[in-house]
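Observations on the model geometry
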Amino acid sequence: MKTHLAAAVGSVVLTAGTLLGAPAAGAQTAAYPTTAFDVTYGASYARGTLTWSNRSVGADGTLRAVGCRRAWVGTYTASANWLDARSTSTQCDVTYPIKTTVPADVPGGAAFVIVCVDDANANPLKCVQYNRP
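In short, a report on the structure. The model shown is predicted, which means the values in this text are computed figures rather than measured ones.

Moving on, we come to the environment of Pro133. Here Pro133 shows up in the segment after β7 (124-131). Residue Pro133 is classed as exposed on the basis of its relative accessible area, which comes to 60%. Leave out the neighbours within four places in its chain, and Pro133 touches Pro33, Thr34, Thr35 and Trp52.

Our focus in this paragraph is the pairing of strand β3 (residues 56-76). Inspection of the sheet shows strand β2 (residues 44-52) paired to β3 by 8 bridges, in the antiparallel sense. Each residue of the ladder has a partner; that of Gly48, found in β3, is Gly61. Taking the residues between adjacent antiparallel strands as the criterion, β2 and β3 are bridged by 3 residues. Looking at chain direction, β3 and strand β5 (residues 91-103) are connected through 12 bridges and run antiparallel.

Using the criterion set out here, one finds 4 salt bridges in the structure. The partner of Asp60 in a salt bridge is Lys99, and the shortest N-O contact between them spans 3.4 Å. A residue pair is termed long-range when its members are at least 10 positions apart, and Asp60 in strand β3 and Lys99 in strand β5 qualify at 39 residues.

As for its position among the elements, Thr35 is in strand β1 (residues 34-41). At a separation of 2.9 Å, a polar atom in the side chain of Thr35 contacts the side chain of Trp52. For Thr35, the contacting residues outside a window of four places in its chain are Gly48, Thr49, Leu50, Trp52, Tyr130, Asn131 and Pro133.

It is worth spelling out the side chain of Gln91 at this point. Position of Gln91 relative to the elements: it lies in strand β5. In this structure the side chain of Gln91 is engaged in a polar contact, spanning 2.6 Å, whose partner is the side chain of Ser89. When residues no more than four places from it in sequence are discounted, the contact partners of Gln91 are Leu63, Ala65, Gly67, Cys68, Arg69 and Tyr96.

Once that is clear, we can look at the environment of Gly42. Examined against the element boundaries, Gly42 turns out to sit in the loop between β1 and β2. In this structure the C-alpha to C-alpha distance between Gly42 and Val66, which are 24 residues apart in sequence, comes to 8.4 Å.

Turning our attention to the state of the cysteines. Summed over all chains, the structure comprises 2 disulfides. Paired through a disulfide, Cys116 and Cys127 show a sulfur-sulfur distance of 1.9 Å. On the sign convention where negative is left-handed, the bridge of Cys116 and Cys127, at about 115° about the S-S bond, is right-handed. Taken together, the positions of Cys116 in strand β6 (residues 112-119) and Cys127 in strand β7 put the pair 11 residues apart, joining distant regions of the chain. Take Cys116: its relative accessible area is 0%, and that puts it in the buried class. The exposure class assigned to Cys127 is partly exposed, which follows from its relative accessible area of 38%. Ordering the disulfide-forming cysteines of the protein by sequence position, one finds them joined as 1-2, 3-4.

Calculation rules
Residues numbered from 1 in each chain as written. Predicted model: local features only at pLDDT ≥ 70, side-chain atom pairs only at ≥ 80, totals over all residues. Heavy atoms only, no water. Helix = DSSP H or I, 4+ residues; strand = E, 2+ residues; numbered from the N terminus. Buried < 20%, exposed > 50% of the residue type's maximum accessible area, 1.4 Å probe, protein only. Contact = heavy atoms within 4.5 Å. Pairing = 2+ DSSP bridges. Salt bridge = Lys/Arg side-chain N within 4 Å of Asp/Glu carboxyl O. Polar contact = N/O pair within 3.5 Å; in protein donor to acceptor, adjacent residues only side chain to side chain. Disulfide = S-S within 2.5 Å.

As structure tokens, this is what we get:
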């Protein structure tokens, strides 16, 4: 009798644990927050979307280079310490895709990013800061 009772209690505990640990029907994982970016310098621009995750920031968009330009995205801590950056190559008189992930390997990820449009020599022409939502 004790063996049957122990097995029944064990079964109830396992079932309850499974049910309590399971997500509710129809529950969905929250999407990562996003921020639109637009850095325009004359007729050139870098535009797109930043996607914020816990240890990186994705940048997906377009560089429109009139003349020779490049775009870059840098990640920073809340204390404005630089974490990392990614850049396109120099592009001349073309529309070029931006699709990169910039590491932000600190707890909570980047507090903000800076997106820049540079000249052909990597000198910033215009930069805009975007804070984590």
